[in-house]
Amino acid sequence: MQVKEITYFDSPGRENTDVTLKLAKKRAEELGIKYVVVASTTGETGVKACKLFKDYNVVVVSHCVGFSSPGISELKKEYQNEILSLGGKIFTGTHALSAVERSIRRQLATWLPLELMANTLRLFGEGVKAAIEISVMAADAGLIPIDEEIIAIAGTGRGADTALVIKPAHSTNFFNLEVREIICKPRKIH
């Protein structure tokens, strides 16, 4: 049996970013984890993660192009360049828990399994859902191993407020993914 401390933030949001990153690094050091996956829309959080996790394999996962507006990438070029110069990797692609199903929901006003799964995970908070999703996306891209634990960092809206220890899986074996620890998350999710 292990007894570990979990940090619960009073509310979600970017104001928790620095603490979330520090808590995640502390746990990565304790467990000897070398892979970190971080959600970052504009790249700002990705840069912070790359600076803090200097000797780690950091994968920054951004929104897919067209997420907010057709043909538009929300990842800012200056952050993208800085992430790469700091040794981070960037993955931009289709979201594992929405993909084409989001289009079907919008067009036909019906829910399909992926978005039902995403909304179920949101019961634990947006950051928990996003951390699981980016882990699958990075695994599918071959950017992280699936046979060892990683740290996944995500948030609610902008910034980071959630960090998990995850044993990842590919989307084709999604139910082999294991959330092994909650490092931190918001106590209130709305």
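What this report covers is the structure whose coordinates are included nearby. (Residues numbered from 1 in each chain as written. Predicted model: local features only at pLDDT ≥ 70, side-chain atom pairs only at ≥ 80, totals over all residues. Heavy atoms only, no water.)

Re the packing of helix H4 (residues 101-108) against helix H5 (residues 113-121)
So, step 1. Direction vectors running N to C along H4 and H5 enclose 100°, while the axes themselves pass 8 Å from each other. Considering their axes alone, H4 and H5 lie roughly perpendicular with respect to each other. In this structure, H4 contributes Glu101, Arg102 and Arg105 to the contact, and H5 contributes Pro113, Leu114 and Glu115.
So, step 2. In terms of residue class, the contact of H4 with H5 is made up of two nonpolar, no polar and four charged. (Axes fitted to C-alpha atoms, helices over the stretch in contact; angles between N-to-C directions. Helix = DSSP H or I, 4+ residues; strand = E, 2+ residues; numbered from the N terminus. Parallel < 35°, antiparallel > 145°, perpendicular 65-115°, else oblique. Contact = heavy atoms within 4.5 Å. Nonpolar A, V, L, I, M, F, W, Y, C, P; charged D, E, K, R; others polar.)

Focus on the environment of Pro12
So, step 1. Position of Pro12 among the secondary structure elements: in the loop between strand S1 (7-9) and helix H1 (17-31).
So, step 2. For the pair Pro12 and Ala109, spaced 97 residues apart in sequence, the C-alpha separation works out to 29 Å.
So, step 3. Residues contacting Pro12, with those up to four places away along its chain left out, are Thr156, Asp161, Pro186, Lys188 and Ile189.

Section: the environment of Ile90
So, step 1. By the element assignment, Ile90 lies in strand S4 (residues 89-92).
So, step 2. Put simply, Ile90 and Ala138 are 48 residues apart on the chain and 9.3 Å apart in space, counted from C-alpha to C-alpha.

Focus on the pairing of strand S7 (residues 178-186)
So, step 1. Of the strand pairs in this sheet, S1 and S7 are connected by three bridges, and their pairing is parallel. Residue pairing for S7: Thr7 is matched across the bridge by Cys184.
So, step 2. Bridge count for strand S6 (residues 162-167) against S7 is five bridges, and the pairing is antiparallel. Residue pairing in the sheet places Val165 in a bridge with Glu181 of S7. (Pairing = 2+ DSSP bridges.)

Some words on the side chain of Lys185
So, step 1. The topology assignment puts Lys185 in strand S7.
So, step 2. Look at Lys185: it is buried, it has no salt bridge, and the nearest opposite charge is Asp161 at 8.4 Å.
So, step 3. Filtering out sequence-adjacent residues up to four positions away, Lys185 remains in contact with Thr7, Tyr8, Phe9, Phe124, Val128, Asp161 and Thr162. (Buried < 20%, exposed > 50% of the residue type's maximum accessible area, 1.4 Å probe, protein only. Lys, Arg positive; Asp, Glu negative; His and termini not counted. Salt bridge = Lys/Arg side-chain N within 4 Å of Asp/Glu carboxyl O.)

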